[in-house]
Amino acid sequence: MQQHIFNSMRSLNMVDGCKGTQLCAFNPSVSGGAAAGTGVGEKFFQHLQDHLRVNSIRSLKSHRHSQSFSQSNNANTSVLKEALSGYGLPQTDFIEPSVDPCLKFVDNVEILANVYRKLEKCPQFDRSGVYIEQCLIFGGLPEPKLFRRCLRSARQHAVDVHSKVVISSWLRFERREDALFGVSAMDCCGWSMECPRSSLVSGYNPESSNDPCSCPRVSEEGEDMDSDVEIQECSISLSHDYDMDDDDYDIWFCIGEDEIKCNRFKFASLSRPFKAMLYGSFIESRRERIYFSQNGISAKAMRAAEIFSRTNRVDSLDPNIVLELLTLANRFCCDGMKSSCDAYLASLVNDMDNAMVLIEYGLEEGAYLLVAACLQVILWELPNSLQNPNVVKLFCSSEARERLALVGHASFLLYSFLSQVSMEEDMKSNTTAMLLERKGECAIENWQKQATFHQLGCVMLERKEYKDAEKWFQEAVNLGHVYSLVGVARAKYKRGHNFKAYKLLNSLISDYTATGWMYQERSLYSNGKEKMMDLNIATELDPTLLYPYKYRAVVMAKDKLSTSISEINKIISFKVSPDCLELRAWLLISIEDYEGALRDVRALLTLDPNYMMFHGKLHGHQLVELLCRHVPQWSQADCWMQLYDRWSSVDDIGSLAVVHQMLANDPGKSLLRFRQSLLLLRLNCHKPAMRSLRMARNHAMSENERLVYEGWVLYDTGYRAEAIAKAEESISIQRSFEAFFLKAYVLSETTTDQKSSFYVIELLEEALRCPSDGLRKGQVSILSSTRGNRCHYCRQKYQQPNAITMQALSNLASVYVDVDKLDHAVDCYMNALNIKHTRAHQGLARVYHLKNQRKAAYDEMTKLIEKVQYNASAYEKRSEYCDREMAKSDLAMATRLDPLRTYPYRYRAAVYMDDHKEAEAIAELTKAIAFRPDLQLLHLRAAFHDSMGNVSSTLRDCEAALCLDPNHADTVELYRKAQERAHEQDQNGQRER
């Protein structure tokens with residue numbers, strides 16, 4: 001079993017270079033700008049203060065010329081600090097962590113296992129609700145794809161129209177299609193799961209949710225023509241007598257001076273009230289003329305009712321008449337007619353204007369489908385629709401929620417979606433608070449109330465309404481959400497009860513298994529050595545928490561800035577966030593390393609374009625403008641060179657900064673936006689990456705290019721088949737490198753058999769044969785004039801490749817390895833290295849290892865480590881090509897550089913198991929699972945528990961792993977065997993009793 005574990009851990013994914021927890025490299029040096037003296041420092045900060053006084057945003061155009069800099073040999077630190085006095089150094093009071101608004105648990109594994117068991121036991125018609133619960137749990141985990149996968153499963157198993165409308169809208173919002181130019185709310189995306197028409201069809205059919213949409217493809221001209229004919233027919237039918245035999249009519253409804261001829265039997269069949277009136281004991285049953293003027297029904301509506309009594313259709317009628325007919329149907333309980341009116345009016349809803357008008361009719365008349373259709377348009381226009389006061393009025397008051405409830409459209413699901421969108425837009429707004437209150441009114445199950453009350457507490461905390469915040473947090477605690485105690489303590493602390501907050505966290509740590517967030521929170525209520533000790537323990541238990549690094553960096557900055565920067569580098573090296581980049585930029589400014597500061601601010605603005613620096617006092621773009629005055633500026637050609645060098649040296653933050661500068665000069669360059677998205681994905685910044693992809697799509701210059709970017713958007717939100725379809729459509733228009741690369745990339749993740757691998761090879765080779773795009777042509781002109789070392793392979797066959805071409809060569813080599821064509825793989829990797837694709841060292845080492853050349857493999861990885869310092873991935877891979885002691889050293893370094901990488905924990909645990917140290921093996925895995933409940937870690941711990949005969953722990957870990965991925969074959973098999981053993985043990989226990 002141990003050998004199997006090691007083999008499975010050493011598998012290499014083809015696309016490892018583009019995604020995953022790839023470490024960004026950064027320049028650890030803090031002295032790059034230290035040569036600049038006080039003259040520059042005083043001048044810079046004088047500019048800064050003048051800029052704030054004027055308080056205007058100046059032009060953000062980059063200077064295309066280099067500036068000369070005065071340098072002073074006698075740097076005066078005291079003068080620099082005085083110049084900084086406007087902002088000073090970062091302050092610890094402004095960096096305290098916020099309370100996470102998501103559901104968070106002391107024992108994630110047990111929670112995941114419980115949800116999986118609940119899902120397995122629940123009836124199929126109730127599965128959608130359990131998937132929504134799973135979504136909210138995954139919202140607190142760092143992997144956004146888990147959330148989206150569960151959301152798709154919830155939509156797949158949805159039964160009623162309301163759930164389908166809300167979940168489809170939520171899925172659409174996750175892709176933020178509102179940001180795509182030329183896409184309207186009612187555009188069909190092409191598959192059933194998110195089609196606006198299929199969402200309005202009730203019923204349970206999970207197999208059809210991923211089918212292509214069956215929307216009729218009718219030309220607009222044809223639709224207009226049909227519409228005109230229908231209106232004319234309607235006009236004629238409502239204003240003239242019918243050319244029918246008089247024998248068919250035996251009653252007349254008299255409304256004013258109009259008489260509407262009807263068939264008594266057919267009209268009576270519309271409803272029980274009409275049947276009772278026309279055939280019962282009422283006097284109307286004996287009359288031929290029935291006076292109907294006092295019922296508020298017009299003659300046109302009565303004529304429409306007569307038409308429906310004969311045809312059972314309303315689709316040829318004027319919409320205004322159908323609205324009146326709906327009122328008539330409601331008043332006289334004509335269920336069939338109401339249903340037809342409801343469906344017809346729902347089909348007319350296609351934009352916000354008529355949605356806001358028709359939803360009032362729908363609510364007034366209880367028209368379920370009409371309200372659903374209007375609701376769908378409103379939800380598909382989020383977040384913009386929340387800026388509409390009429391929309392806010394529709395959702396936010398208790399009376400409005402009750403109106404929606406009467407029509408079947410007020411649910412916890414709806415308000416969960418609305419409140420999430422509102423919190424993302426403005427956590428402190430009244431709209432957010434009111435939506436959460438309505439969400440609480442819809443909450444039924446315990447977990448729903450926990451989530452709602454905790455979020456209400458977070459909102460009130462942000463609004464500085466601390467008494468209300470404490471109340472809501474305490475409500476969540478009373479329902480069993482332990483993490484809400486953090487909110488209770490924070491609210492007490494803000495109200496001046498510091499000791500009560502500290503005592504509460506002490507009790508929490510003593511009552512439960514300690515976690516990193518517990519010690520982090522307690523550190524807020526202590527000082528000195530005790531505070532620092534809590535922060536160090538927090539980092540040890542959960543090295544992904546940002547606050548401990550930030551606090552230590554700020555405290556160290558008072559004494560030694562270089563040490564402070566080294567501390568913040570630790571977290572930035574594996575977890576990039578705007579606040580940490582801001583802090584490092586701030587510290588770099590303090591030592592006058594303006595180039596490094598500019599790099600970090602540009603990268604920060606890529607993550608958050610609206611970020612405010614210096615505790616919200618200065619916009620990031622303004623700081624870029626100021627820093628540019630003190631840093632030599634690059635031409636566009638210089639930028640290409642810098643980008644090429646940084647991409648080659650795995651400096652992802654530096655690459656982001658260069659792309660940001662290039663886009664400032666040419667914001668419509670879609671290929672640059674695409675490269676930006678790849679960098680962001682490698683840094684695990686998923687939302688900014690999606691934003692870059694959307695912008696790339698919006699700025700695409702051709703249809704085939706636009707389709708490629710739409711394919712990437714679909715792929716990154718989990719729609720792999722649809723992404724391949726977009727790539728194929730793009731290829732049908734024009735063969736391009738990007739389209740073939742997209743198709744190969746997606747297929748490499750969806751198929752594993754050898755035949756498919758050969759097909760991926762063909763696709764990548766086709767990609768490399770395609771003509772060079774504009775981005776590569778730009779590099780050719782620059783690189784050919786400055787570098788004389790282009791490889792023969794690329795010069796002759798594929799011109800000068802860009803970074804994506806480098807990745808294509810590396811991916812092609814990886815597939816060659818999969819099909820055992822090692823010599824071909826070596827050629828590809830060597831060609832990639834010749835054009836400075838540094839990551840190719842890792843692939844080449846793998847090939848040497850497969851050829852039983854371990855020393856060559858080790859040396860190859862050593863070259864990578866020397867070229868790219870502080871790269872956890874390189875140390876991790878090198879550990880596979882050396883003896884156990886050296887491997888331990890390399891993996892210890894990998895964990896130190898990036899605690900999120902799971903392989904080192906699995907390796908050390910496997911070594912412990914080989915040495916029969918079962919407790920140490922379990923502890924090693926448990927340490928990582930506590931802050932990252934990873935599928936592979938859970939599966940391995942389950943396997944260890946199984947080998948030790950601990951059936952209950954095996955079942956729990958398998959269930960938690962299957963909650964993350966229900967189709968993981970190895971875990972499914974292990975779980976089945978564990979269940980059989982558990983059943984045998986139960987039977988044996990019963991026999992013994």
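Per chain, the residues get numbers from 1 upward, laid out in the order the sequence is written. The predicted nature of this model means local features are confined to residues of pLDDT at least 70 and side-chain atom pairs, given and counted, to a pLDDT of 80 or more, with totals for whole chains, interfaces and linings taken over all residues. Water and hydrogen atoms play no part in the side-chain values, which are based on all heavy atoms of the structure.

Asker: How would you summarise the overall build of the protein if you had to cite specific residues and measurements?
Answerer: A run of H or I in DSSP becomes a helix once it reaches four residues, and a run of E becomes a strand once it reaches two; helices and strands are each numbered from the N terminus. Scanning the protein from N- to C-terminus turns up 52 helices and 4 strands. For each residue, the accessible area found with a 1.4 Å probe, counting protein chains only, is set against the maximum for its type, and the residue is called buried under 20%, exposed over 50%, and partly exposed in between. Scored against the burial criterion, the 993 residues of the protein give a buried share of 57%. Should any heavy atoms of two residues lie within 4.5 Å, those residues are counted as being in contact. Counted over contacts in the protein with a minimum sequence separation of 6, partners at least 24 positions apart contribute 64%.

Asker: Which residues make up the pattern of salt bridges, and what values go with them?
Answerer: When charged atoms on two side chains of opposite charge get close, those side chains can pair. A pair is scored as a salt bridge if a Lys or Arg side-chain nitrogen falls within 4 Å of a carboxyl oxygen belonging to Asp or Glu. Under the defined criterion, the tally for this structure stands at 51 salt bridges. One salt bridge connects Lys-570 with Glu-567, and the closest N-O pair in it is separated by 3.1 Å. Residue Lys-570 and its partner Glu-567 are both found in helix α27 (residues 561-572); the two are separated by 3 residues, about one turn of the helix. For Lys-570, a relative accessible area of 45% gives the class partly exposed. A salt bridge links Glu-728 to Lys-743, with the nearest nitrogen and oxygen atoms 3.1 Å apart.

Asker: Describe the environment of Gln-869, listing the residues and the values that go with them.
Answerer: As for its placement among the helices and strands, Gln-869 is situated in the loop between α45 (854-867) and α46 (872-878). A relative accessible area of 47% means that Gln-869 is categorised as partly exposed. With 218 residues separating them along the chain, Gln-869 and Asp-651 place their C-alpha atoms 9.9 Å apart.

Asker: Describe helix α28 (residues 578-590), listing the residues and the values that go with them.
Answerer: For α28, spanning 13 residues, the distance from its first C-alpha to its last is 18 Å, which sits close to the expected 18 Å at 1.5 Å a residue. Most of α28 sits out of view: 11 of its 13 residues are buried. What α28 keeps buried is the set Cys-580, Leu-581, Glu-582, Leu-583, Arg-584, Ala-585, Trp-586, Leu-587, Leu-588, Ile-589 and Ser-590. Directly beyond the C-terminal end of α28, a positive phi value near 65° is found at Glu-592. Residue count minus one, scaled by 1.5 Å, sets the expected span of a helix.

Asker: Please set out helix α43 (residues 822-834) residue by residue, giving values where relevant.
Answerer: One turn of the α-helix equals 3.6 residues, which is why residues spaced by three or four share an orientation. Counted at 1.5 Å a residue, the expected span for α43 with its 13 residues is 18 Å, and the 18 Å between its end C-alpha atoms agrees. Three or more residues of α43 are buried, namely Leu-822, Ala-825, Val-826, Cys-828, Tyr-829, Asn-831, Ala-832 and Leu-833. At the C-terminal side of α43, Lys-836 shows a positive phi close to 65°.

Asker: Kindly report on the environment of Asp-638, identifying the contributing residues and their values.
Answerer: Within the element layout of this structure, Asp-638 appears in helix α32 (residues 636-648). Along the primary structure Asp-638 and Val-658 are separated by 20 residues, whereas in three dimensions their C-alpha atoms are 9.7 Å apart.

Asker: Can you lay out the pairing of strand β1 (residues 251-255) for me, pointing to particular residues and giving the numbers?
Answerer: Burial analysis of β1 places 5 of its 5 residues in the buried class, which makes it a mostly covered element. Bridge count between β1 and strand β3 (residues 289-291): 3 bridges; the pairing is parallel. Bridging from a neighbouring strand, Trp-252 pairs with Arg-289 of β3. Think of it this way: DSSP has to see at least two bridges between two strands before they count as a pair.

Asker: Quick one: what's the story with the confidence of the model for the protein, residue by residue and with numbers?
Answerer: For the protein, per-residue confidence averages 82 on the pLDDT scale, and 82% of positions sit at 70 or higher. pLDDT: the predictor's confidence for each residue, scored from 0 to 100. Within the model, pLDDT remains below 50 along residues 1-45, and this stretch shows 138 contacts once partners closer than five positions in the same chain are excluded. Throughout residues 217-243 the model reports pLDDT below 50, and contacts reaching past four residues in sequence, or to other chains, amount to 20 contacts.

Asker: Tell me about the side chain of Ser-271, and name the residues and values.
Answerer: As for its placement among the helices and strands, Ser-271 is situated in the loop between α9 (264-268) and α10 (272-279). A polar atom in the side chain of Ser-271 sits 3.3 Å from the backbone nitrogen of Phe-274. Not counting the four nearest positions on each side in its chain, Ser-271 is found in contact with Phe-332, Cys-333 and Cys-334. Contacts described as polar in this section are N or O atom pairs within 3.5 Å, which, within protein, must combine one atom able to donate a hydrogen with one able to accept it, while residues neighboring in sequence count only if both atoms come from side chains.

Asker: Break down unusual backbone geometry for me, citing the residues and quoting the values.
Answerer: For the bond running from Leu-382 to Pro-383, omega is 5°, close enough to zero to count as cis. Relative to the helices and strands, Pro-383 is located in the loop between α15 (368-380) and α16 (389-396). Even without glycine at this site, Lys-464 takes up a positive phi of about 65°. By the secondary structure assignment, Lys-464 is in the loop between α20 (446-462) and α21 (466-478). Phi angles above zero are rare outside glycine, and Asn-684 is one such case at about 60°. Among the secondary structure elements, Asn-684 is positioned in the loop between α34 (670-682) and α35 (686-698).

Asker: Can you explain the pairing of strand β2 (residues 258-262)? Please cite residues and give values.
Answerer: In the sheet, β1 pairs with β2 via 5 bridges, with the strands oriented antiparallel. For Phe-253, the partnering residue across the bridge sits in β2 and is Ile-260. Here β1 folds back onto β2, and the loop between the two strands holds 2 residues, one of which, Gly-256, carries a positive phi near 65°.

Asker: So what's going on with the packing of aromatic side chains? Residues and values would help.
Answerer: In this analysis, rings of Phe, Tyr and Trp, with Trp reduced to its six-membered ring, are considered paired at centre separations within 6.5 Å, and the interplanar angle assigns stacked below 30 degrees, edge-to-face beyond 60, and tilted for intermediate values. Under the defined criterion, the tally for this structure stands at 26 aromatic pairs. With a centroid separation of 4.8 Å and an interplanar angle of 90°, the aromatic rings of Trp-586 and Phe-614 are classed as edge-to-face. You can see Trp-586 sitting in helix α28 and its partner Phe-614 sitting in helix α30 (residues 613-616), a full 28 residues away along the chain. Both residues of the pair, Trp-586 and Phe-614, belong to the buried class. With a centroid separation of 6.1 Å and an interplanar angle of 40°, the aromatic rings of Tyr-903 and Tyr-907 are classed as tilted. You can see Tyr-903 and its partner Tyr-907 sitting in helix α48 (residues 903-914), 4 residues apart, about one turn around the helix. We note that Tyr-903, like Tyr-907, is buried.

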